[in-house]
Amino acid sequence: MSKQLSTMPIAHALNAGLREAMEENDKVMLIGEDIGQLGGVFRVTDGLQKSFGDLRVVDSPLGEAGIIGSAIGLAMAGYRPVCEIQFDGFVFPAMNQIITQLAKYRHRSEGRVSLPVVIRIPVGGGIGAIEHHSESPEAYFAHTAGLKVVSPSSPQEAYDMIRLAVRSQDPVVFLEPKRSYWLKGEVDPARAPQPLEKATVVRPGNDLTLVTYGALVPVAQKVADVCAEEGRSVEVVDLRSLSPIDDATIIESVERTGRLVVAHEASRTAGLGAEIAARVQDAAFHSLEAPIIRVTGYDTPYPPSRLEEDWLPGFDRILDAVDQSFNY
């Protein structure tokens with residue numbers, strides 16, 4: 001990637017970020033199913049094996065537990081593995097390695113051993129896929145102490161955040177909204193990136209705070225555009241980091257606006273929206289002029305593809321929630 005402003009989709013921005021990370025540090029290596037010659041299901045790693053060889057871009061056997069287990073051993077030996085899980089629903093065979101080993105080892109070793117492993121997972125729906133290809137497992141990881149959990153919403157954020165994730169001394173679960181892979185935007189390689197744990201106000205506003213992440217950030221911005229035509233000023237906050245959560249940015253916003261709507265694709269019960277609502281209730285209760293509203297997926301397994309648009313929170317449901325908040 002040339003060091004100048006360019007326009008590209010999120011998938012290419014991730015590829016450029018990984019390429020730069022591998023050029024920067026020869027201990028960075030990639031592991032996953034079909035990531036080498038094929039370039040991954042979504043072609044995020046396209047061309048990297050040709051550039052860096054099959055010892056640094058490793059086509060693994062079909063076995064997620066083995067991928068993560070191998071990455072843990074490599075990290076102990078001084079490498080910085082970046083693992084690809086083909087689809088969100090395929091990560092569950094590796095949950096034992098992630099939760100009982102990867103997340104715990106720095107604590108278990110009293111800080112003496114770090115495991116700088118990145119786990120890339122395409123997440124969410126909207127692509128008409130079959131079962132176990134459209135899930136939103138972020139709450140499992142955010143609940144697990146010892147893991148950083150992040151999700152980009154734009155090509156610039158994808159480029160910045162994957163490089164920061166690779167440099168992190170803590171394990172990072174890197175959630176990539178798959179229906180946004182081909183969303184195009186400008187990428188400036190010279191831009192100083194925001195810290196990985198920092199939320200971003202992507203649209204300032206004064207009357208209501210709309211917090212979301214991943215694929216719903218562009219949707220939230222469209223909602224804010226419509227509200228602006230009606231004379232209502234909606235502030236859109238891109239969470240970016242799902243663990244740790246940037247409380248300060250959210251609370252400062254709500255203290256100004258007095259209203260909060262939180263949106264995410266994952267099911268409602270015990271989702272990230274509930275955690276954010278609880279934190280704001282604790283810290284900014286006296287600033288609230290309306291109840292906090294969550295807009296989420298439903299408490300059911302992800303539906304067949306013909307029904308997914310009815311299941312997913314989209315523009316209409318988020319706009320209805322915003323209208324409901326203003327009507328209190």
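Residues numbered from 1 in each chain as written. Predicted model: local features only at pLDDT ≥ 70, side-chain atom pairs only at ≥ 80, totals over all residues. Heavy atoms only, no water.

K.L.:
Explain the sheet that holds strand β11 (residues 234-238) to me, please; I cannot follow it from the model alone.
P.N.:
In a beta sheet, neighbouring strands pair by backbone hydrogen bonds and run either parallel or antiparallel. If you walk across this open sheet you meet the five strands as β9-β11-β10-β13-β14, and the pairing is mixed. Strands with a single pairing partner mark the edges of an open sheet, and in this sheet they are β9 (200-203) and β14 (293-297). On average, adjacent strands in this sheet sit at an angle of 25 degrees to one another, irrespective of strand direction. Pairing of strand β13 (residues 260-267) with β14 involves four bridges; the strand directions are parallel. Looking at the pairing, Ser267 lines up with Gly297 of β14. Strands β9, β10 (208-212), β11 and β13 of the sheet are contacted by helix α9 (residues 247-257), whose axis makes an angle of about 155 degrees with β10. Strands in contact with helix α10 (residues 272-284) are β10, β13 and β14; relative to β13, the strand with the most contacts, it is inclined by about 155 degrees. (Pairing = 2+ DSSP bridges. Helix = DSSP H or I, 4+ residues; strand = E, 2+ residues; numbered from the N terminus. Axes fitted to C-alpha atoms, helices over the stretch in contact; angles between N-to-C directions. Contact = heavy atoms within 4.5 Å.)

K.L.:
It is not clear to me how the nonpolar core should be interpreted in this structure. Could you clarify?
P.N.:
Nonpolar side chains in soluble globular proteins tend to be buried together. Judged by nonpolar contacts, the single largest core of 42 residues is most densely connected at Ile68, Ile98, Ile121, Phe141 and Ile276. Take this core: its biggest share by element is five residues, from helix α3 (residues 64-76). Here Ile98 is in contact with Ile68, Val91, Ala103, Ile119, Phe141 and Leu147, once residues within four sequence places are set aside. Phe42, Val57, Met161 and Val172 belong to the second largest nonpolar core, which has 33 residues in total. (Core = buried A, V, L, I, M, F, W, Y, C linked by side-chain atoms within 4.5 Å. Buried < 20%, exposed > 50% of the residue type's maximum accessible area, 1.4 Å probe, protein only.)

K.L.:
Just checking my understanding: could you explain the pattern of salt bridges for this structure?
P.N.:
Any two side chains of opposite charge can pair, so long as their charged atoms come close to each other. Inspection of every chain in the model, using the stated rule, returns 21 salt bridges. Residue Asp160 is joined to Arg163 by a salt bridge in which the shortest nitrogen-to-oxygen separation is 2.9 Å. Here the residue Asp160 and the residue Arg163 both occupy positions in helix α7 (residues 155-167), the gap between them amounting to three residues, near one helical turn. This pair shows no difference in class: Asp160 is buried, exactly as Arg163 is. Linking Arg203 and Asp225 is a salt bridge whose minimum nitrogen-to-oxygen distance equals 2.4 Å. Within this pair, whereas Arg203 is found in strand β9, its partner Asp225 is found in helix α8 (residues 216-229), the two being separated by 22 residues in sequence. Taken together, the salt bridges that share partners define one network made up of Glu20, Glu157, Asp160, Arg163, Arg191 and Arg240. (Salt bridge = Lys/Arg side-chain N within 4 Å of Asp/Glu carboxyl O.)

K.L.:
Just to check I follow, could you spell out the sheet that holds strand β6 (residues 148-150) for this structure?
P.N.:
Ordered by their spatial adjacency, seven strands build an open sheet running β3-β2-β4-β5-β7-β6-β12, and the pairing between neighbours is mixed. Strands with a single pairing partner mark the edges of an open sheet, and in this sheet they are β3 (57-59) and β12 (241-243). With direction set aside, neighbouring strand axes in the sheet form an average angle of 20 degrees. Where strand β5 (residues 118-123) lies against strand β7 (residues 172-177), six bridges are found, and the strand directions are parallel. Bridge assignment links Pro122 to a residue of β7, and that residue is Glu176. Contacts between α7 and the sheet are confined to β2 (28-32), β4 (80-84), β5, β6 and β7, with β7 contributing the most and set at about 160 degrees to the helix.

K.L.:
Where do I start with the packing of aromatic side chains in this structure?
P.N.:
What describes a pair of aromatic rings is the distance from one ring centre to the other and the angle between the planes of the rings. For the coordinates displayed, the defined rule picks out five aromatic pairs. Here Phe42 and Tyr181 contribute two aromatic rings whose centre-to-centre distance is 4.8 Å and whose plane-to-plane angle is 35 degrees, an arrangement assigned as tilted. With a gap of 139 residues between them, Phe42 in the loop between β2 and α2 (48-52) and Tyr181 in the loop between β7 and β8 (184-187) connect regions that are remote in the sequence. With respect to class, Phe42 is no different from Tyr181; both count as buried. Both rings, one in Phe92 and one in Tyr140, keep their centres 5.8 Å apart while their planes meet at 80 degrees; by these two values the pair is edge-to-face. (Phe/Tyr/Trp six-rings, centres within 6.5 Å; stacked < 30°, edge-to-face > 60°.)

K.L.:
Would you explain unusual backbone geometry in this entry?
P.N.:
Leaving glycine aside, a negative phi is the common case for residues, and trans is the common case for peptide bonds. A cis amide bond links Ser243 with the next residue in sequence, Pro244, at an omega value of 0 degrees. Position of Pro244 relative to the elements: it lies in the loop between β12 and α9. We note that Glu110 has phi near 55 degrees; this positive angle belongs to a residue other than glycine. Tracing the chain through its elements places Glu110 in the loop between α5 (105-108) and β5.

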